[in-house]
Amino acid sequence: MSDTHAQSVQFVRGTMIPEQDPPITEKGALKWMRENLFSSWLNAILTVLSLYVIYWVLAHILPWTVGGIWDAESLSQCRDIRDASGIDYNVACWAVITDRWHQLLFGFYPSELYWRPILALIIFGAAIAPILFETLPRKMLIVSIAAPFLAYWLLWGGSVWGPIAVAFGFGIGWAIVTYGESLLGALGAIIGAIVVPVLYWLFLAGPVGAALQATLPIGIAQIGSNQFGGFMLAIIIGVSAIVLSLPLGILLALGRQSDLFIINKCSVIFIEVIRGVPLIVWLFTASLLLNYFLPPEVSFDLMLRVIIMVTLFASAYIAEVVRGGLAALPRGQYEGADSLGLDYWQAMRLIILPQALKISIPGIVSTFIGLFKDTTLVVFIGLLDPIGLSQAIRADSAWNGIYWELFIFIGLCFFIFCFSMSQYSQWLERKLNTGHR
Amino acid sequence: MTSMTEPPAESFRLSQLIYDTRYRSMTIQVVAFILILLALFWLGRNIVSNLEDLGKDFDFGFLGSRAGYDINQRLIEYSNDSTHARAALVGILNTLLVAVLGCALATVLGVIAGVLRLSNNWIVARLMAVYVEGFRNIPLLLWIILIFAVMTEATPRPSDFRGDRPEASMILGDSVAITNRGVYIPNVFFTRSLGGNEMAEVTDSAEATVIASSSGLDWFVIILVFVASILGARAIGRWATAKQEATGIRPAGAFWMQVGTVVVPSVIVFLALGATLDFPGLRGFNFGGGIHLRNSLIALWLALALYTGAFIAEIVRAGILSVSKGQTEAAFALGLRPNRTMNLVILPQALRVIIPPLISHYLNLTKNSSLAIAVGYMDVRSTLGGITINQTGRELEGMLLLGLFYLVTSLVISGVMNIYNKSVMLKER
């Protein structure tokens, strides 16, 4: 049989053909372009269209940006410099940034005291680092505990004893929980740890701080909230609201998942009312209405009101995100915790919340990004955030009529903050991904 | 064998309220309830005493009094002699207008950007990533102000359109004029209007900034006819499907019959009413005729749509990615063609993931429309929550009504969302 076959074939190659390079369209840049840019007619059209869009945008923006003038006193001087150098198109006047960057960053904070917010930011960085990155030594958490008081003291100034007296209250609470359990029982210790510090803050902290200041005066120049502004204000409001809203949000989420009827309904009402109304309405409520709800003798600083309002607002959103995480856990986890004989708080702390929070990380971070972006809204109730300051700068006759340079600077700063937050969340997600899903 | 020990009839001790799980939840709830009542009582007492100190009362009567301010952007009749309640209604309609326009455009942008971001075209995917990240990471307020600045600073003045060699010209066949005072687009009016709407009313008022002219009845009829014809088209579709299932052959031309049912009656009504286009043109120092879309509306609308569109793009992308590749392969293995695979297998599963966050972003857009304050668009916060409060000094009542409006809107939308969500949810134990 094989003979007949061999005879029917006219030519059989006896040797291998030497290896050849792949066709020119199947390798290197050409292959990549064929596959990624021109794989079909539609794609080719889209590619050409996008290239045109990119060209159009760059052709308009690049000369304007690159040819920008960095050294001038006012917008009119910018234009004079441009005309003198013989450029016939519009160029950016970046001089407004070199002239006013400190205002955009620090508001009207006294310029000789800029080291204080910068130092506070560094302390904040040191405090947040061990929380963000597990590989850092755990001893750094001591900085995290001290940071809020230190940062407050650095930013607002005044007597050092005020923040120390307040911090002492937390010390009392911690001591009661740790050492009071044998005396008071578990429940008594928890109640004591809440009640005693609150009483201390209400009645003792003020006089104690004042007395210590009288005997041993240590303090730095006091700065009023009305001098805060720019990105410093946005970061202070954002960070305080983020730090305070996470525990509150988790509690609200647990309340909403709870079987206890009254607690459940209260949480639901709180969350839905807060979420149903825009932040700007809440901010106006804080600035217009808060003095209706408080006794006449109590009055809050506007910035403190904003921080409280933004915290409550963010906590409702966090609660919904965490609730999603709680609901996503299989029922077996709850049942498993029960069968181990853990009580409610143990089960939550050791089994449910670590898993639920891990699932909710993307949502929590995107809530934080939203919160940080929303700090720009405080401009409407008279706080000077970056956008408010850009209007203030424009009101100066030297810079009247300048728009894009300020917007680009502000936008870029926000972009850096928010984008790095979202990148961190993606990194954390990958790191914590233990293979479910 | 019934020797189960009787539970000891022990007496109730007070400590059981805390240590016995049967009673503990009740104790916690009662304590919480009392604390909440106390807090509410404290707040209420403060409000009453503060109102007394200020010499104010709690009264919604101000809604019936004369507003006394003008609103430059209105969908219904309003003058400064109207009441505060009417002004609030104008504001509510303006809020809803920009919300609906914004949601529509945001959906279109978001779906396109989301699909293109998954495209295997490298440059398009990167371009869309830039769009999405750029809008997601920069505050909406900045975008609104930026787009408003573009609209007012970078567009030609009406006088630039004048003269033999104008510096600017109208676009789309001389029908749309983009100026720094707003965008002028053609208006549709009806020469044989049902509501007795005179054409003169539209053309004479050079100041006419009302978006929909007063021919509400005509539009109502048109929408009615359009909805009816869509229902008719769906009936034809059902009839064709039934026929196909019975005989195996879909009636020829069923698709074109559906298209005809949708288009023909609407066109006939349009012609019967004498629909004519009123083009904008230079009148005096400004443009007249047509519809004047103010810069505030355009800036707010575009910014809301672009911003929300970036979020919707991510939702759409996640939704499509969430359907595993095995589903597509299984559908192909069953012999389904690609478009039927998309319609019957991929989309129903992707939509289940897409719809709930999509609606919550519609909700966000509606709430974000309160940023109209940045560009002076007269939404409900500017009328009821702004000028009315300033004029009457009724901040408590005004803010309460404002909050209530937003709350009701949100609850209605999220209620609809929950109903939908229940209907498409995977049924699990």
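This is a predicted model, so every value here is computed, not measured.

Residues and elements named next belong to chain A. Throughout the structure, instances matching the rule amount to 1 disulfide over all chains. In this model Cys78 forms its disulfide with Cys93; the gap between the sulfur atoms is 1.8 Å. One quick way to see it: the torsion about the S-S bond of Cys78 and Cys93 is about 80 degrees, and its sign makes the bridge right-handed. Note that Cys78 is positioned in helix H4 (residues 75-84) and Cys93 in the loop between H4 and helix H5 (95-106), a separation of 15 residues in sequence. In this pair, the class of Cys78 matches that of Cys93, namely buried. Between Cys418, a cysteine without a disulfide, and Cys413, which holds the nearest cysteine sulfur, the sulfur-to-sulfur distance is 11 Å.

Now for the packing of aromatic side chains. Residue and element names in this part refer to chain A. Scanning all chains against the criterion turns up 28 aromatic pairs over all chains. Considering the side-chain rings of Phe415 and Phe419, the 5.1 Å spacing of their centres and the 10 degrees angle between planes classify their relative orientation as stacked. One end of the pair, Phe415, and the other, Phe419, are both in helix H17 (residues 404-432), 4 residues apart, so they sit about a helical turn from each other. Ring pairing ties together the aromatic residues Tyr109, Tyr152, Trp156 and Phe228, which thus form one cluster.

The pLDDT averaged across chain A works out to 85; a share of 97% of its residues lies at or above 70. Across chain A, the element-wise mean pLDDT spans from 57 in helix H1 (residues 2-8) of chain A up to 90 in helix H10 (residues 230-257) of chain A.

Judged by nonpolar contacts, the single largest core of 166 residues is most densely connected at Phe228 and Leu326 of chain A. The dominant element in this core, judged by the number of residues it contributes, is helix H9 (residues 295-322) of chain B, at 14 residues. Aside from chain neighbours lying at most four places away, what touches Phe228 of chain A is Phe106, Tyr109, Leu155, Trp156, Ile223, Leu233, Ile236, Met303 and Leu384 of chain A. One finds Ala67, Ile71, Val90 and Met378 of chain B within the second-largest nonpolar core, a separate group that totals 7 residues.

The next subject is the pattern of salt bridges. All names here are of chain A. Under the defined criterion, the tally for this structure stands at 12 salt bridges over all chains. The closest approach of N and O atoms between Glu320 and Arg323, which form a salt bridge, is 3.2 Å. With Glu320 and Arg323 both in helix H13 (residues 302-328) and 3 residues apart, the pair spans about one turn of that helix. The partner of Arg331 in a salt bridge is Glu335, with the nearest N and O atoms 3.6 Å apart. One end of the pair, Arg331, and the other, Glu335, are both in helix H14 (residues 331-339), 4 residues apart, so they sit about a helical turn from each other. Residue class for Arg331 comes out exposed when judged on its relative accessible area of 51%.

All names here are of chain B. What the 3 strands build is an open sheet, ordered S1-S2-S7; its pairing is antiparallel. Of all strands in the sheet, those with a lone pairing partner are strand S1 (177-179) and strand S7 (291-293), marking the two edges. Across the sheet, the mean angle from the axis of one strand to that of its neighbour is 20 degrees, orientation sign disregarded. Two strands pair when backbone bridges link them, and S1 and strand S2 (residues 182-185) are joined in this way by 3 bridges, in the antiparallel orientation. Counted as the bridge partner of Thr179 is Gly182 from S2. Packed onto the sheet, H9 meets S1, S2 and S7 and runs at close to 60 degrees relative to S7.

The rules behind the values
Within any chain, residue numbers begin from 1 and follow the written order of that chain's sequence. Numbering of ligands from 1 and lettering of chains from A proceed in the order in which they are written. Residues qualify for local features only when their pLDDT is at least 70, as the model is predicted, and side-chain atom pairs are given and counted only at 80 or more; totals for whole chains, interfaces and linings, by contrast, use all residues. For side-chain calculations, the full set of non-hydrogen atoms in the structure is used, while hydrogens and water are omitted. Sulfur atoms of two cysteines make up a disulfide when they are within 2.5 Å. Strands are runs of DSSP state E lasting at least two residues, helices are runs of H or I lasting at least four, and both sets are numbered from the N terminus onward. Here's how the labels work: a residue is buried when its accessible area is under 20% of the maximum for its type, exposed when over 50%, partly exposed in between, all with a 1.4 Å probe on protein chains only. Note on ring pairs: Phe, Tyr and Trp rings are taken, using the six-membered ring of Trp, and paired if centres are within 6.5 Å. Classes follow the plane angle, with under 30 degrees stacked, over 60 edge-to-face and the rest tilted. As a per-residue quantity, pLDDT reports the predictor's confidence and falls between 0 and 100. Among the buried residues, those of types Ala, Val, Leu, Ile, Met, Phe, Trp, Tyr and Cys that are joined through side-chain atoms within 4.5 Å form a nonpolar core. Should any heavy atoms of two residues lie within 4.5 Å, those residues are considered in contact. In the sections that follow, a salt bridge refers to a side-chain nitrogen of Lys or Arg positioned within 4 Å of a carboxyl oxygen of Asp or Glu. Two strands are counted as paired when DSSP detects at least two bridges linking them. Geometry is summarised by axes, namely lines fitted to C-alpha atoms with helices restricted to the contacting stretch, and by angles between N-to-C directions that run from 0 to 180 degrees.

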